[in-house]
Amino acid sequence: MRIVIQRVKRVDLTADGRPFDSMKDGILALVGIKSGDDNEKIMQYMLDKLVNLRIFEDEQGKMNLSVVDKGYSLFLVSNFTLYGDCRHGRRPGYSSGAPVEEARTIFDTFTAYAKEHAPVPVHTGLFQADMQIETCLDGPVTLLLDSDKAF
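Conventions and cut-offs
- Residues numbered from 1 in each chain as written.
- Predicted model: local features only at pLDDT ≥ 70, side-chain atom pairs only at ≥ 80, totals over all residues.
- Heavy atoms only, no water.
- Helix = DSSP H or I, 4+ residues; strand = E, 2+ residues; numbered from the N terminus.
- Rg over C-alpha atoms; globule rule 2.2 N^0.38 Å.
- Buried < 20%, exposed > 50% of the residue type's maximum accessible area, 1.4 Å probe, protein only.
- Contact = heavy atoms within 4.5 Å.
- Phe/Tyr/Trp six-rings, centres within 6.5 Å; stacked < 30°, edge-to-face > 60°.
- Lys NZ or Arg CZ within 6 Å of the ring centre and 35° of its normal.
- Core = buried A, V, L, I, M, F, W, Y, C linked by side-chain atoms within 4.5 Å.
- Pairing = 2+ DSSP bridges.
- Axes fitted to C-alpha atoms, helices over the stretch in contact; angles between N-to-C directions.
- Parallel < 35°, antiparallel > 145°, perpendicular 65-115°, else oblique.
- Left-handed = near helix turned anticlockwise from the far one by under 90°.
- Nonpolar A, V, L, I, M, F, W, Y, C, P; charged D, E, K, R; others polar.

1. Some points on the overall build of the protein chain
Scanning the protein chain for helices and strands turns up 3 helices and 7 strands. The C-alpha radius of gyration of the protein chain comes to 15 Å, within 12% of the 15 Å expected for a compact globule of 151 residues. Within the protein chain, the proportion of its 151 residues that are buried is 43%. Relative to all contacts within the protein chain whose residues are 6 or more apart in sequence, the contacts with residues 24 or more apart total 73%.

In structure tokens form, the structure reads like this:
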């Protein structure tokens, strides 16, 4: 599983041309799924990182607080392109990502796991929908997570 983490002031997500969900203050997490990511240890590790990363400022302006400490929210959006391989040619290859139905099952399982275990509100996008995401990045602060710890 790969996640692009963005600290945000707001997120407004439209799916298939209709308003779907929105959030103020928190983390927008773009989630890429590969085969085998249905492991509970992977989900636990990734969720723990998402909610406990100290990427919000404290009173001294130091990034020392988590989304939990601030009482903010988490917004999970599936994004298959995170497993795009751009090393060869000019068209990314996506063979490292899980096939659509497997990815859907794993993403749904991960979001259910997050909603059950995260100590903050969890919002989600709509899997395999045509989504437009309007966001106000905060900082900007953008980080990468990988369950294989590749980076």
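After that view of the structure, there is still more to cover.
2. Let's talk about unusual backbone geometry
Pro140 follows Gly139 through a cis peptide bond whose omega is 0 degrees. Tracing the sequence through the fold places Pro140 in strand S7 (residues 131-146). For Asp25, which is not glycine, the phi torsion reads 50 degrees and is therefore positive. One can find Asp25 in strand S2 (residues 18-32). In this structure, Gln128 is a non-glycine residue whose phi angle is positive, near 60 degrees.

3. Digging into the packing of aromatic side chains
Two numbers describe a pair of aromatic rings. These are the distance of the centres and the angle of the planes. What the rule picks out here adds up to 3 aromatic pairs. Look at Phe56 and Tyr72: their rings are 5.2 Å apart centre to centre, the planes differ by 80 degrees, and that puts the pair in the edge-to-face class. Of the two residues, Phe56 sits in strand S3 (residues 56-57) while Tyr72 sits in the loop between helix H2 (67-70) and strand S5 (73-78), which places them 16 residues apart along the sequence. Assessed through its relative accessible area of 2%, Phe56 is described here as buried. The exposure class of Tyr72 is buried, given its relative accessible area of 19%. Over the ring of Tyr45 we find Lys149, and its NZ or CZ is 4.8 Å from the ring centre.

4. A look at the side chain of Lys34
Along the chain, Lys34 turns up in the loop between S2 and helix H1 (40-52). Excluding its chain neighbours within four sequence positions, the residues that come into contact with Lys34 are Met1, Tyr83, Ser96, Gly97, Ala98, Ile106 and Asp148.

5. A closer look at the nonpolar core
Within the largest apolar cluster, 33 residues are counted, with the highest numbers of intra-cluster contacts made by Ile3, Leu50, Leu74, Leu76 and Phe110. Those elements giving two or more residues to this core turn out to be strand S1 (2-15), S2, H1, S5, helix H3 (100-117) and S7. Discounting residues that sit within four places of it in the chain, Leu74 has contacts with Met23, Ile27, Ala29, Leu47, Leu50, Val51, Val120, Pro121, Val122 and His123.

6. Some thoughts on the sheet that holds S7
With mixed pairing, the 5 strands of this open sheet are ordered in space as S6-S5-S2-S1-S7. Of all the strands in the sheet, the pair left with one neighbour each is strand S6 (122-124) and S7. Each strand axis lies, on average, 30 degrees off the axis of its neighbour in the sheet, ignoring direction. Of the pairings in the sheet, the one linking S1 to S2 comprises 13 bridges and is antiparallel in character. When the bridges of S2 are listed, Arg2 appears paired with Gly32. Against the sheet, H1 makes contact with S1, S2, S5 and S7, and its axis sits at roughly 105 degrees relative to S7, the strand it touches most.

7. Looking at the packing of H1 against H3
One way to put it is that H1 packs onto H3 with a least axis distance of 10 Å and a crossing angle of 55 degrees. Relative to H3, the element H1 is oriented oblique. Crossing handedness for the pair H1 and H3: right-handed. Here Glu40, Met43, Gln44, Met46, Leu47 and Leu50 of H1 come into contact with H3, specifically with Ile106, Thr109, Phe110, Tyr113, Ala114 and His117. Considering only residue class, the contact of H1 with H3 consists of 8 nonpolar, 3 polar and 1 charged.

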